[in-house]
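# Coordinate analysis (summary)
Spelled out from the first residue to the last, the chains are:
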Amino acid sequence: MDIQALNEKITEAGAFIDPLKAEVEKVIIGQKGMLNSLLIGLLCNGHILLEGVPGLAKTLAIKSLSAAIQAKFSRIQFTPDLLPADVMGTMIYNMANGQFAVKKGPVFANLILADEINRAPAKVQSALLEAMQERQVTIGEQTFPLEEPFLVLATQNPLEQEGTYPLPEAQVDRFLMKVVLGYPTQDEEKIILRKAVNHDFESINPIVTPQHILLAREAVRNVYMDAKIEQYIVDIVSATRNPEAFNLSRLKPLISYGGSPRASISLAQTAKATAFIKHRGYVIPEDVRSVCENVLRHRIGLSYEAEAENITTENIIRQILDAVKVP
């Protein structure tokens, strides 16, 4: 394979990445990890689960991104009394002609913010997750394909657990990545404070179109991944299931279940997207390591023993990355 030619092709296909990030960063100060995750989700055709306290610019980030790529944005506030029809749409009876007409719900958009998804009952969660997986919605007897690109950014508030309906493990696994947001640095917060008080945020200009994103997805698939990198990914995921095979016997009682093959697929896809964002036509081990926590943290089940010892999935992932041989 001609790596130089592939590098040039990937650089050309990803020429919009840096201007797009710069445009969103006019409004979003810091939170580079969240922005990268959103781009990876778009490039991999996968959805993102965000966890963070209120006020960390989750809504603003996806709204700004949708403005920069000329896409439709929709925000759904999940509440305990929400119904599937409120999200998907329903049939409305028209008294004038005596017929039912379809009224589409807010899910018919390119970028969707599902705010506090764990506040809605299981029926609503399942309806949204079905749309995410099948990329289509059935209302009455009609089936409507969802317009691409289609990205769901679901948020969870880690502080309040009363009156919530936690997503089952099988449903959480449908998300490409789970990103945990931290607070901005003091310098970043000073800039945020100054801009917010003075209303000094710049307007977002459209940089790319949804068609650019769809073409970029094809280029991401063509990013070269060596067989050694593939084995590295398989080893990492295997270590979550059989840690003793990698001299990690101490982790065995801490893990109730490990990652499925979907974890391996997600690691490969996100590593390729990371290489693409860095204008590189091939994947290196650091690309895999950089996305490991976000891809695996919601795919590893902790035992009661781990919870009693305050051991997190992030602790386990770091130990696995330290133990698995890097190609």
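Owing to the predicted nature of the structure, the values given are computational and were not obtained by experimental measurement. (Residues numbered from 1 in each chain as written. Predicted model: local features only at pLDDT ≥ 70, side-chain atom pairs only at ≥ 80, totals over all residues. Heavy atoms only, no water.)

### Observations concerning the pairing of strand β8 (residues 151–156)
Counting buried positions along β8 gives six out of six residues, so the element sits mostly inside the fold. By the alternation rule, side chains of β8 split into Leu151, Leu153 and Thr155 and Val152, Ala154 and Gln156, which are all buried. In this structure, strand β5 (residues 111–115) lies alongside β8, joined through four bridges in parallel fashion. Along β8, the bridge assignment pairs Leu113 with Leu153. (Buried < 20%, exposed > 50% of the residue type's maximum accessible area, 1.4 Å probe, protein only. Helix = DSSP H or I, 4+ residues; strand = E, 2+ residues; numbered from the N terminus. Pairing = 2+ DSSP bridges.)

### Notes on the pairing of strand β6 (residues 136–139)
Of the two faces of β6, only the one carrying Val137 and Ile139 is buried; Gln136 and Thr138 on the other face are not. Linking two consecutive strands that pair antiparallel, namely β6 and strand β7 (residues 142–145), is a turn of two residues; a positive phi of about 65 degrees is found at Gly140 within it.

### Overview of unusual backbone geometry
Look at the link from Glu148 to Pro149: it is a cis peptide, with omega at -5 degrees. Mapped onto the fold, Pro149 is located in the loop between β7 and β8. If you check the backbone angles, Asn45 has positive phi at about 60 degrees while not being a glycine. Mapping Asn45 onto the fold places it in the loop between α3 (32–44) and β1 (48–51). A positive phi angle is found at Asn247, which is not glycine, with a value near 60 degrees. In this fold, Asn247 is placed in the loop between α10 (227–241) and β10 (255–257). On the accessibility criterion, Asn247 (70% relative accessible area) is exposed.

### Section: the confidence of the model for the protein chain
Taken as a whole, the protein chain shows an average pLDDT of 89; of its residues, 98% reach a score of 70 or greater. Confidence, expressed as mean pLDDT per element, reaches its minimum in the protein chain at helix α7 (residues 169–172) with 77 and its maximum at helix α12 (residues 285–296) with 96. (pLDDT = per-residue confidence, 0-100.)

### Quick look at the pattern of salt bridges
Applying the stated criterion across every chain, the model contains 17 salt bridges. Asp287 is the partner of Arg280 in a salt bridge, and the nearest nitrogen-oxygen pair spans 2.6 Å. Overlapping salt bridges bring together Glu293, Arg297, Glu314 and Arg318 as one network. (Salt bridge = Lys/Arg side-chain N within 4 Å of Asp/Glu carboxyl O.)

### A look at α3
Across its 13 residues, α3 extends 18 Å between first and last C-alpha, which sits within 8% of the 18 Å expected from 1.5 Å per residue. The element α3 is largely enclosed, with a buried count of ten among its 13 residues. All of the buried residues in α3 are Met34, Leu35, Ser37, Leu38, Leu39, Ile40, Gly41, Leu42, Leu43 and Cys44. Asn45 lies just past α3 and shows a positive phi near 60 degrees. (Expected span 1.5 Å × (residues − 1).)

### Description of the packing of aromatic side chains
A complete count under the given rule lists two aromatic pairs for this structure. Taken together, a centroid distance of 6.2 Å and an interplanar angle of 85 degrees make the contact between Phe108 and Phe144 edge-to-face. With Phe108 in the loop between β4 (99–104) and β5 and Phe144 in strand β7, this residue pair connects regions lying 36 residues apart in the sequence. The class of Phe108 is buried, set by a relative accessible area of 19%. The class of Phe144 is buried, set by a relative accessible area of 15%. Over the ring of Phe108 we find Lys104, and its NZ or CZ is 5.0 Å from the ring centre. The cationic tip of Arg280 hangs over the ring face of Tyr282; the distance from NZ or CZ to the ring centre is 5.7 Å. (Phe/Tyr/Trp six-rings, centres within 6.5 Å; stacked < 30°, edge-to-face > 60°. Lys NZ or Arg CZ within 6 Å of the ring centre and 35° of its normal.)

### Overview of α12
In a regular helix each residue adds 1.5 Å, so twelve residues correspond to 16 Å; α12 covers 16 Å between its end C-alpha atoms and thus fits that length. Of the positions making up α12, those classed as buried are Pro285, Asp287, Val288, Val291, Cys292, Asn294, Val295 and Leu296. Contacts from the buried residues of α12 go to α3, β9 (177–180), α10, α11 (261–277) and α14 (313–323). (Contact = heavy atoms within 4.5 Å.)

### Observations concerning the packing of helix α2 (residues 17–24) against helix α4 (residues 58–68)
Interaxial distance between α2 and α4 falls to 9 Å at its minimum, and their mutual angle equals 130 degrees. The angle between the axes of α2 and α4 places the two elements in the oblique class. As for the relative orientation of α2 and α4, their crossing is right-handed in sense. Across the interface between the two elements, Leu20, Glu23 and Val24 of α2 pack against Ala61, Ser64, Leu65 and Ala68 of α4. Here the residues of the contact of α2 with α4 are counted per class, giving five nonpolar, one polar and one charged. (Axes fitted to C-alpha atoms, helices over the stretch in contact; angles between N-to-C directions. Parallel < 35°, antiparallel > 145°, perpendicular 65-115°, else oblique. Left-handed = near helix turned anticlockwise from the far one by under 90°. Nonpolar A, V, L, I, M, F, W, Y, C, P; charged D, E, K, R; others polar.)

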